[in-house]
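Given next are the chains, with one letter for each unit.
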Amino acid sequence: MPSAKSKPPLATVPRARLDDAAAPRQCRLARKVAKLACSGLFNEHRWRLAMKLVGPWVSGYTRRVGITLKLLNLPFEHLPFHAYREAERVKVFSPMARVPALQLDDGQVLIDSHAIVDYLDSIVPAGERLMPASGPERVRAMQWVGYGCACYDKVARYCDELMLRPDAHRLAHLQAGYRAQLESGLRVLEAAQAHPWLLGSRISQADIMAVVAFQSASVVLPPTRESEAFPRLAALAQQAMQLTAFSSTLPDLEELQASGLIGANHGV
Ligand SMILES: N[C@@H](CCC(=O)N[C@@H](CS)C(=O)NCC(=O)O)C(=O)O
């Protein structure tokens, strides 16, 4: 039994009305917001508190999400916490200390770049999405994304070896295997015929992942071999770098050195 003092259920409380005489400033503000909303300048999905992207650009999957956010013009705050070196900070958002993690404006957190970019596509108008909705184009995009991710996985495993395993305990055959798989995957991507982007006229997730994987491969493969053996991918990467979404997320030398990815004994 509710006490006499208890509050009535929310639905029964009469809504406060904004009254020009009683609250002129609030009314002016409300009118401005309503005007903006009607003007078309106000896009529901962009008028949000910034989302938070957790992970450094040296993580290719985080970079994939960062590039996607930038291409879609979605505001976000970047928290470049490293999964290994700053695990406790990452765990605040992602209990398994995995990046990327994206905290949405309502506080919920998504992990895994596939889920994240799928969500981001769902909040922008159909014409701006970075994955085709259906049909053969979608299948092709999924193939390229699959190869891009598989190539990047090989780079990431190789890098884990460099970062985590002392020189004396590294397994040469494992490293050679990763390199061979990576080169096979890059060859598949290199065979794509469309121009200027992998699906033709429009940039898509296929280009994002192919470029991220190709650029990350430079840590694993000797740089000269890379552009000689994969001229189409090199041209694709060069074209992508004209866009700030790509150029502003390229990990810099310091970041690579701090991660232990380049340094004295890591030449291939
Ligand atoms: N499938 C995941 C892979 C994420 C992933 O491998 N993240 C790496 C950094 S690139 C990581 O956090 N590694 C630390 C760990 O998994 O413990 C995705 O697409 O986001």
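Predicted model, so just to flag it, every value in this text is computed and none were measured.

Undergrad: Describe the layout of surface pockets, naming the residues involved and giving the relevant values.
TA: In this structure, the largest pocket occupies an estimated 980 Å³ of space. Listing elements by their share of the lining of the largest pocket, those giving two or more residues are helix 2 (60-71), helix 4 (113-122), helix 5 (135-164) and helix 7 (205-216). Sort the elements by how many residues they give to the lining of the largest pocket and helix 5 lands first, with 8 residues. Each residue belonging to the lining of the largest pocket can be placed in one class, and the counts come to 24 nonpolar, 9 polar and 7 charged. Each of domain 1 (51-127) and domain 2 (131-266) gives at least three residues to the lining of the largest pocket. The wall of the second largest pocket is formed by 14 residues, among which Val 117, Asp 118, Asp 121, Met 131 and Arg 138 lie closest to the centre. Counting residues per element, the ones that place at least two in the lining of the second largest pocket are helix 4 and helix 5.

Undergrad: Can you break down the site of the ligand residue by residue, with the values?
TA: By nearness alone, every residue bordering the ligand is listed as Ser 59, Tyr 61, Ala 83, Tyr 84, Arg 98, Val 99, Pro 100, Asp 112, Ser 113 and His 114. In the environment of the ligand, a nitrogen atom lies 2.7 Å from a nitrogen or oxygen atom belonging to the backbone of Val 99. At 2.6 Å, a side-chain N or O of Ser 113 approaches an oxygen atom of the ligand. Summarising the interface, the protein chains cover 77% of the accessible area of the ligand, which totals 510 Å² for the free molecule. Using a 2 Å cut-off from the grid points, one finds that the ligand occupies the largest pocket.

Undergrad: Would you mind going over the nonpolar core in detail, with residue names and values included?
TA: With 60 residues, the main nonpolar core has Met 51, Leu 69, Leu 120 and Leu 186 as its most contacted residues. Every element with two or more residues in this core is listed here: strand 1 (51-54), helix 2, helix 4, helix 5, helix 6 (172-190), helix 7, helix 9 (231-240) and helix 10 (244-247). Examining the composition of this core, we find that 10 residues originate from one element, helix 5, more than from any other. The residue makeup of this core includes at least three contributed by each of domain 1 (51-127) and domain 2 (131-266). For Leu 120, the contacting residues outside a window of four places in its chain are Met 51, Val 65, Thr 68, Leu 69, Leu 72, Leu 74 and Leu 102. Of all hydrophobic cores here, the second largest spans 8 residues; its members include Val 54, Leu 79, Ala 83 and Val 99.

Definitions and limits used
- Every chain's residues receive numbers from 1 upward, in the order its sequence appears when written.
- Reporting in this predicted model follows two pLDDT cut-offs: at least 70 for local features of residues, and 80 or more for side-chain atom pairs to be given and counted; totals over whole chains, interfaces and linings ignore these cut-offs and use all residues.
- Note that the side-chain values use all heavy atoms of the structure and ignore hydrogens as well as water.
- Detection works on a 1 Å grid of protein atoms alone, calling trapped sets that fit a 1.4 Å probe cavities and calling open sets with protein on both sides within 12 Å along at least five of seven lines pockets, with lining residues defined by an atom within 4 Å of a point.
- Grid points are joined across faces, edges and corners, and a volume is the space filled by probe spheres set on the points.
- Here a helix means four or more residues in a row that DSSP labels H or I, a strand means two or more in a row labelled E, and each is numbered from the N terminus.
- Three residue categories are used. Nonpolar comprises Ala, Val, Leu, Ile, Met, Phe, Trp, Tyr, Cys and Pro, charged comprises Asp, Glu, Lys and Arg, and polar comprises the others, including Gly.
- All the domain ranges listed were derived from an automatic or database domain assignment.
- Residues are labelled near a given molecule or strand when at least one of their non-hydrogen atoms is within 4 Å of it.
- Any pair of nitrogen or oxygen atoms within 3.5 Å is treated as a polar contact; in protein, a donor-acceptor pairing is required on top of that, and neighbouring residues in sequence qualify only through side-chain atoms on both sides.
- All accessibility values rest on the Shrake-Rupley procedure with a 1.4 Å probe; residue burial counts only the protein chains present in the view.
- Think of it this way: if more than half of a molecule's atoms are within 2 Å of a pocket's grid points, that molecule is in the pocket or cavity.
- Only buried residues count toward a nonpolar core. Its members are Ala, Val, Leu, Ile, Met, Phe, Trp, Tyr and Cys residues joined through side-chain atoms within 4.5 Å.
- For every residue, the accessible area (1.4 Å probe, protein chains only) is compared with the maximum for its type, and the residue is labelled buried under 20%, exposed over 50%, or partly exposed between those bounds.
- Whether two residues are in contact is decided by their heavy atoms: any pair within 4.5 Å suffices.

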